[in-house]
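# Survey of secondary and tertiary structure
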Amino acid sequence: MQTEVVTTKSEGAVPGNGLDRENYINAKHGIWSWLLTTDHKRIAILYLITITLMFFLGGAFAAGVRLELMTPKGDLVDSDAYNKLFTMHGIVMVFFFLIPSIPAVLGNFLIPIMIGAKDLAFPKINLLSWYIYMAGAAFFMVATLFGGVETGWTFYTPYSTAFSHTNVILAAVGIFISGFSSILTGLNFIVTIHKMRAPGLTWFRMPLFVWAHYATSLIQILGTPVVAVTILMVAVERLLKLGLFDPALGGDPILFQHLFWFYSHPAVYIMILPGMGVMSELITAFTRKRVFGYEFIAISSLAIAVVGFLVWGHHMFVSGQSTYAGMVFSALSFLVAIPSAVKVFNWSATLYKGSVSWESPMMYAIGFIGLFTIGGLTGLFLAAMGLDIHMHDTYFVVAHFHYIMVGGAIFAYLGGIHFWWPKITGRMYPEYWARVAAVLVFAGFNLTFFPQFVVGYLGMPRRYHAYPDEFQVLNVMSTAGASLLGIAYLIPMLYLTWSLFAGKKAPANPWGAKGLEWTIQSPPTTFNFDHQPVVTEEAYAYAESHDTSHDPAAPPAQAHA
């Protein structure tokens, strides 16, 4: 992206590392300067810290699940404790990690910089969204400390409203509160993207990362209120016995499923669409090519956001809904796969004859394409009514979901963290260990979840703490993979933390990438730009540049005085 940037004499035409100059990290000091900040970059760091803590908490619950399933007899914990383990794992990972991860961390940090703005449209609301997230997480932690929840992360009624004796209300209130954080973040992104783009940055010059977050924000604003109110209705019914979902009181439990999945299937796209935006940035940067079919990828993000609201009924093929409704939802579920396939095809076409460089962010990108494709294709199995009846509520569904969420969203999150880490911190991490971690995450993930496709197809139901002996070998393989995956996740924690203190200083553009964020110092100043940038060319215009090197010290090719 070509820009006109006026620079100071001390910086020269190309800004470099900002650690020795004032930047957003050292501009102010003290804990209160962070807790009361309105700088979008500092708020992103606050989210990064808290979301990382939630990720490892959810991972601890997952470890308990896998340890229990090593043996078929259910001899580590009893069924009630096991129910709490998978419920708490699901709630933490879905509501407190996957949904906010990329938007709240990378989106918060990068969107204003990518569009040439000094901050988000509503800086104080941005800080408020983090405090709301923390309040919701606090309610959930209290629920955990006082015995947890065992309804499953889906809170299906009437069990959650009439029969469960665990802390459903506390957990429900926590999720309800955190939903407002998601709504405010989406609102902030939409207004910022509409109103604060730099001169010359037209809609079809925007980075695809911004397009993906724009589509995600639409889902957050339109869908999140539905699930927030639905979960609140569960809490109200438990408290006041209103008979909203409990058939014994005249309620309808199927109504809960309709309301819950109306949001929770689009929520899958809240989790994966930002990751798709990250993939577009990584693939174009490490192939030195303008992404193939830019306009189609941009529009496909909006198509996923729209059609994603129309497919919730495929979660309910065995709920007793009419065959005709099932046929409609099945057809729409196949339809929503098309814009996702457009992205995968276009990324693959971008790789074709590209100058591919195998830095660690690109390794996560390649892993994403393969694993997301497997997850998407197995979703078509579940969209077919006949097959879904056989595989519904089996480990096939668990494997499919994790290939999308872990193989997709978490791979994208890790790839994005590695790609923009030098910009965020001004430090480089050890590339060798980053590549080792990427390979181990890929290997551990596949060893964990691919056996679950097999054991699920053979008929093992999910959410059971005991199972027939013939499934043990596959479950031991899965637990071994989870152990490797846990170690692989810890390695980036160690070397990224080490890099903060001992990593090499990062240049402004260590990858030779395009984009406004690479035209400013690393880490950025408080208000990002000294002067208003002016965009004068299309996104990812690598063809017009002769800079094909991948030298980490190479200067950016897109800024000139």
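What this report covers is the structure whose coordinates are included nearby. Residue numbers restart at each chain and count upward from 1, following the sequence in its written direction. Side-chain atom pairs in this predicted model are given and counted only at pLDDT of 80 or more, local residue features only at pLDDT of at least 70, and totals for whole chains, interfaces and linings cover all residues. Side-chain numbers come from the whole structure's heavy atoms, not from hydrogens or water.

### Structural notes on unusual backbone geometry
Between Thr-157 and the following residue, Pro-158, the backbone shows a cis peptide bond with an omega angle of 0 degrees. Assignment of secondary structure puts Pro-158 in the loop between α5 (123-145) and α6 (159-163). Located in the positive-phi region is Arg-288, a residue other than glycine, with phi close to 60 degrees. Runs of E in the DSSP output that reach at least two residues are strands. Runs of H or I that reach at least four are helices, and both are numbered from the N terminus. Within the secondary structure, Arg-288 is located in the loop between α9 (253-287) and α10 (294-307).

### Here we look at empty space enclosed by the protein
The method works on a 1 Å grid over the protein atoms by themselves. A cavity is a set of points holding a 1.4 Å probe that cannot get out, a pocket is an open set with protein on both sides within 12 Å along at least five of seven lines, and residues with an atom within 4 Å of a point line them. Grid points are joined across faces, edges and corners, and a volume is the space filled by probe spheres set on the points. Under the criterion given, the structure shown has 4 cavities of 30 Å³ or more. Its boundaries defined by the atoms lining it, the largest cavity holds a volume of some 190 Å³. Along its surface, the largest cavity is lined by 19 residues, and Phe-95, Ile-99, Ser-178, Gly-179 and Ser-182 are the ones closest to its centre. Of all the secondary structure elements, the ones that give two or more residues to the lining of the largest cavity are α4 (101-114), α7 (168-195) and α8 (208-240).

### Here we look at the layout of surface pockets
Empty space within the second largest pocket amounts to approximately 780 Å³. Taken together, 27 residues line the second largest pocket, and the ones lying closest to its centre are Leu-48, Trp-421, Leu-496, Thr-497 and Leu-500. Of all elements in the fold, only α2 (40-68), α14 (395-425) and α16 (472-502) reach the threshold of two or more residues within the lining of the second largest pocket. Here the term charged refers only to Asp, Glu, Lys and Arg, the term nonpolar to Ala, Val, Leu, Ile, Met, Phe, Trp, Tyr, Cys and Pro, and the term polar to all other amino acids, Gly among them. The residue inventory of the lining of the second largest pocket, partitioned by class, reads 23 nonpolar, 3 polar and 1 charged.

### Details of the environment of Val-398
As for its placement among the helices and strands, Val-398 is situated in helix α14. Sequence separation between Val-398 and Gly-456 is 58 residues, and the spatial gap between their C-alpha atoms is 8.3 Å. Filtering out sequence-adjacent residues up to four positions away, Val-398 remains in contact with Gln-452 and Arg-462. In this analysis, two residues are considered to be in contact whenever any of their non-hydrogen atoms come within 4.5 Å of each other.

### Quick notes on the packing of aromatic side chains
Side-chain rings of Phe, Tyr and Trp (the six-membered ring for Trp) are treated as a pair once their centres are within 6.5 Å; stacked means planes under 30 degrees apart, edge-to-face means over 60, and tilted covers the remaining angles. Counting across every chain of the model gives 45 aromatic pairs. Ring geometry for Tyr-82 and Phe-86: centres 5.6 Å apart, planes at 70 degrees, overall edge-to-face. Pair noted here: Tyr-82 and Phe-86 are both in helix α3 (residues 79-98), with a separation of 4 residues, about one helical turn. As far as burial versus exposure is concerned, Tyr-82 and Phe-86 are alike and both buried. On the basis of an interplanar angle of 40 degrees and a centroid distance of 5.1 Å, the ring pair of Tyr-403 and Phe-453 is categorised as tilted. Here Tyr-403 is found in helix α14, whereas its partner Phe-453 is found in helix α15 (residues 431-457), with 50 residues between them in sequence. For the pair formed by Tyr-403 and Phe-453, the shared burial category is buried. Members of the aromatic cluster, connected to one another through ring pairs, are Tyr-364, Phe-381, Phe-396, Tyr-403, Phe-411, Phe-442, Phe-445, Phe-449, Phe-450 and Phe-453. Burial classes follow relative accessibility: with a 1.4 Å probe on protein chains only, a residue under 20% of its type's maximum area counts as buried, one over 50% as exposed, and anything between as partly exposed.

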